Amino acid sequence: MEASPSEGSTIELLKRLIRILEEENAFDRAGNEPVVKFVQPEELQKQLHTELTEEPATNQEIETAIRQTIRYSVKTFSPHFHNQLYAGVDDYGLLGSWLTDVLSTSQYTYEVSPVFTLMEREVIVKSLALVGYPPLPEADGILCPGGSMSNMYGMALARFKKVPDVKTKGLAGLPPLVCFTSEGGHYSITKGAHWLGLGTDQVYKVKSDDLGRMRPDALKAAIAETRKQGRLPFFVNATCGTTVLSAFDPLPEIAAICQDEDLWLHVDACLGGTLLLSEKYRSRLKGIELSNSVAWNPHKMLGAPFQCSLFLVKGKNLLHQTNCAGATYLFQQDKNYDVTWDTGDKSVQCGRKVDAAKFWLMWKARGTKGLRESVDNAMSAAEYFFERIKNRDGFRLVLPSFEGCNICFWYIPPSMRGQEETKDWWDKLYRITTKIKERMMTEGSLMIGYTPLTCKNIGNFFRMVLNCQPPPSQASMDYAIKKIEQLAIDL
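Quick notes on the rules
Residues numbered from 1 in each chain as written. Predicted model: local features only at pLDDT ≥ 70, side-chain atom pairs only at ≥ 80, totals over all residues. Heavy atoms only, no water. Phe/Tyr/Trp six-rings, centres within 6.5 Å; stacked < 30°, edge-to-face > 60°. Helix = DSSP H or I, 4+ residues; strand = E, 2+ residues; numbered from the N terminus. Buried < 20%, exposed > 50% of the residue type's maximum accessible area, 1.4 Å probe, protein only. Lys NZ or Arg CZ within 6 Å of the ring centre and 35° of its normal. Pairing = 2+ DSSP bridges. Axes fitted to C-alpha atoms, helices over the stretch in contact; angles between N-to-C directions. Contact = heavy atoms within 4.5 Å. Left-handed = near helix turned anticlockwise from the far one by under 90°. Nonpolar A, V, L, I, M, F, W, Y, C, P; charged D, E, K, R; others polar.

1. Considerations on the packing of aromatic side chains
For step 1, the next point in the chain: By the definition in use, this model includes 18 aromatic pairs.
For step 2, the next point in the chain: Ring centres of F27 and F77 lie 5.5 Å apart, and the angle between their planes is 90°; this geometry places the pair in the edge-to-face category. Here the residue F27 occupies a position in the loop between α1 (10–23) and α2 (41–48), and F77 occupies one in the loop between α3 (59–72) and β1 (81–82), the gap between them amounting to 50 residues.
For step 3, the next point in the chain: Among the residues examined, F27 registers a relative accessible area of 32% and is labelled partly exposed.
For step 4, the next point in the chain: Geometrically, the ring pair formed by F234 and F235 is tilted, given 5.8 Å between the ring centres and 35° between the ring planes.
For step 5, the next point in the chain: A cation sits over an aromatic face here: R121 above W341, 3.8 Å from the ring centre.

Here it is, written out as structure tokens:
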């Protein structure tokens, strides 16, 4: 009987992994392979044999499972994957990701993570400068498990700053603490209000303008209204790169209101923060330096491997004051090195993955110049796609202009053109959008997501996302346009 992996041959399997990935075309960036071999869940479950059993699997069974995993997974490396706010990963970032998993350690103390601690410090230093914040220690930062958690850090620090006793005494006896976010902002603010005990009713959704940007006048009115109701405003979330429209809220105007009202301004730049790397496009985040905290996900648009999310904050030692619990078994103060390098007590987590290493390695390898060029290339592709469909028969833009890496549009098949655009006509177009997407998935030729925008009473439309990895080209944009036309020709 062939030996199981636990009996000594896993190293050989690891050595073969690169060859397996190549043989299964996992790194195909030419677009010659399907984006996905789509199979319905029940059928896929039968094919993969995902059940876990008492007896160990053989090496051959494990290799088969690896190959099947690659075959039936979505190929985000494909130039035809535009479905999410992420796509393929940067090659150097991938090397960093493998390195972190092989060395398998946590980020909480310098003792167990000396090199990764230095890497995280350098990433934070450079990112603070990128945003326009003061240097360490007047500002600070931490790597988080995703943008939702980064946004929640902002809420927690804002609450502590407004009501320091909340850490020890809780919310009892306080007026309801209310926060504000755009109606197009990310749902993590609502989740954060739940997890922090504020209650989801205390999240005020501020109206946005025709381009999806928060209206400062509506924010000011909302703050005044909640004060009249006896609630205590403490936090405003502005967004740079909303999830659907990639809209950028007007930060200077919002910052002025927050200063007048003594409110914490957090900027959710999880998507749009990548534009800070570009000299050409960073002006779209004008005023971000006026904020109190920022969330940025290099795994969105830029191509850092999942997960890679930064939380940055103005204020000396504020992260530590808000989150520290002083666990003496881990954060001893009489160690044989400078314990200010121990970062775990400023985190809400205990064990924390060394995510900064992935970003550090790709930044080190490419330099800021290389990252800038990749951002400019992605935005150039977005501009090309926008101009190509702007006046093309059948295509209709949701917005007359765009700010980030998302282009939102409908495709109207020939059979529906020139008709009166009644409610029934629009309902049919929304259904056709889902049908085109179904054909994309079944054929495996293209992946572009669709979404409604309920806050604007708009039904399903396509959201074309442009990312830095794999580098998009005019040819890949033309392919997407022609493929949509082919898929909808008979609808």
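Resuming the write-up.
2. A look at the sheet that holds strand β7 (residues 293–296)
For step 1, the next point in the chain: Here we have seven strands laid out as an open sheet, ordered β2-β8-β7-β6-β5-β3-β4, and mixed in their pairing. The sheet terminates laterally at β2 (139–144) and β4 (203–206), the two strands that pair on one side only. Going across the sheet, the axis of each strand differs from the next one's by a mean of 20°, ignoring polarity.
For step 2, the next point in the chain: Where strand β5 (residues 232–239) lies against strand β6 (residues 264–268), five bridges are found, and the strand directions are parallel. Bridge pairing in β6 places N237 opposite H266.

3. Description of the sheet that holds strand β12 (residues 458–465)
For step 1, the next point in the chain: Pairing is mixed across the open sheet formed by five strands, whose spatial order is β1-β11-β12-β10-β9. The sheet is open, and its two borders are formed by β1 and β9 (395–397), each paired with just one other strand.
For step 2, the next point in the chain: Where β1 lies against strand β11 (residues 447–453), two bridges are found, and the strand directions are parallel. Bridging from a neighbouring strand, F81 pairs with M447 of β11.
For step 3, the next point in the chain: Relative to β12, helix α13 (residues 423–443) is tilted by about 35°, and along the sheet it contacts β9, β10 (406–411), β11 and β12.

4. Focus: the packing of helix α12 (residues 356–390) against helix α14 (residues 474–487)
For step 1, the next point in the chain: Interaxial distance between α12 and α14 falls to 9 Å at its minimum, and their mutual angle equals 40°. Here the hand of the crossing between α12 and α14 comes out right-handed. Contacts from A381, Y384, F385, R388 and I389 of α12 reach α14 at Q474, M477, D478, A480 and I481.
For step 2, the next point in the chain: Split into classes, the residues belonging to the contact of α12 with α14 amount to seven nonpolar, one polar and two charged.

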